[in-house]
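Observations on the three-dimensional arrangement
One letter stands for each residue in the lines below.
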Amino acid sequence: GQNQIKLTGSACGGIFKTVNNGASWYPVFDDQALLAIAQIVFDNSNPNVVYACTGDPNISGTPFIGNGIYKSTDLGESWTYLGLNQCGVISDLVIHPTNPNILYAAAMGNPFARDNNRGLYKSTNGGANWTNVLFLADEAGVSDVDIDPVNPNILHAAGWNRIRNNHESVIDGPQTKLYCSTDGGLNWNTVSN
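So, how was this worked out
- Residues numbered from 1 in each chain as written.
- Predicted model: local features only at pLDDT ≥ 70, side-chain atom pairs only at ≥ 80, totals over all residues.
- Heavy atoms only, no water.
- Core = buried A, V, L, I, M, F, W, Y, C linked by side-chain atoms within 4.5 Å.
- Buried < 20%, exposed > 50% of the residue type's maximum accessible area, 1.4 Å probe, protein only.
- Helix = DSSP H or I, 4+ residues; strand = E, 2+ residues; numbered from the N terminus.
- Contact = heavy atoms within 4.5 Å.
- Pairing = 2+ DSSP bridges.
- Phe/Tyr/Trp six-rings, centres within 6.5 Å; stacked < 30°, edge-to-face > 60°.
- Axes fitted to C-alpha atoms, helices over the stretch in contact; angles between N-to-C directions.

1. Side note on the nonpolar core
Ranked by size, the top nonpolar core spans 17 residues in total, and within it Tyr51, Ile69, Leu84, Ile90, Leu93, Ala105 and Trp130 carry the most contacts. Elements with a minimum of two residues in this core: β4 (37–42), β5 (50–54), β8 (90–95) and β9 (103–107). In this structure leucine 93 touches Val41, Tyr51, Cys53, Ile69, Tyr104, Ala105 and Trp130, once residues within four positions along its chain are discounted. Ile102, Ala140, Val145 and Tyr179 belong to the second largest nonpolar core, which has 16 residues in total.

2. Overview of the sheet that holds strand β6 (residues 69–72)
In space, the four strands of this open sheet follow the order β4-β5-β6-β7, with antiparallel pairing throughout. Single-partner strands in this sheet number two, and they are β4 and β7 (80–81). Inspection of the sheet shows β4 paired to β5 by five bridges, in the antiparallel sense. Paired with isoleucine 37 across the bridge in β5 is threonine 54.

3. Let's talk about the packing of aromatic side chains
Throughout the structure, instances matching the rule amount to three aromatic pairs. Taking the centre distance of 5.1 Å and the plane angle of 85 degrees together, the rings of phenylalanine 29 and tyrosine 70 count as edge-to-face. Here phenylalanine 29 is found in the loop between β3 (26–27) and β4, whereas its partner tyrosine 70 is found in strand β6, with 41 residues between them in sequence. Residue phenylalanine 29 is classed as buried on the basis of its relative accessible area of 0%.

4. Some details on the sheet that holds β9
Read from one edge to the other, the open sheet built from four strands follows the order β8-β9-β10-β11, with strand pairing classed as antiparallel. The sheet is open, and its two edges are formed by β8 and β11 (131–134), each paired on a single side. Strand-to-strand twist in this sheet, taken as the mean axis angle between neighbours without regard to direction, amounts to 30 degrees. As judged from the three bridges shared by strand β10 (residues 119–123) and β11, these two strands associate in the antiparallel manner. Residue pairing across strands places lysine 122 opposite threonine 131, the latter belonging to β11.

Written as structure tokens, this is what we have:
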């Protein structure tokens, strides 16, 4: 049954699937170019649809980068690429509770260098196109995003200043804050207290 099927991913080992509640596992992501997995997100409106966010969200001493987001419509057996390949680490993804074509992807960016390919991205067409709706800084990305299940126009995003390469380690900064939008990501305010 459906409850016997599970997926698991790791920071450098791809995705494995079980159809017998963990008695045995097999790889389902090995054909992809990069195998760092940050999140596996299931679409509650369709149990066969699952998204894989790539990159290592821990950004430890030797972080692994990814190349964007993938979607499966057969519970991980095959994958379609949805873009955001320059974002390094896609740390989180949320799906609009009543419109699965609306997606929000949290991007930490390339942990090795400062660039503008980070922040919160939104798609209104199921991941075919993405728009950056919250850019914080060239060294700060979004590590986490949540959507209100009752009012999906309310979003919370966690900013994190993080650069890690062989000559510096930035772990905090002025953009490391919690941000809130009440209009679907159009406008953002810093959460106080």
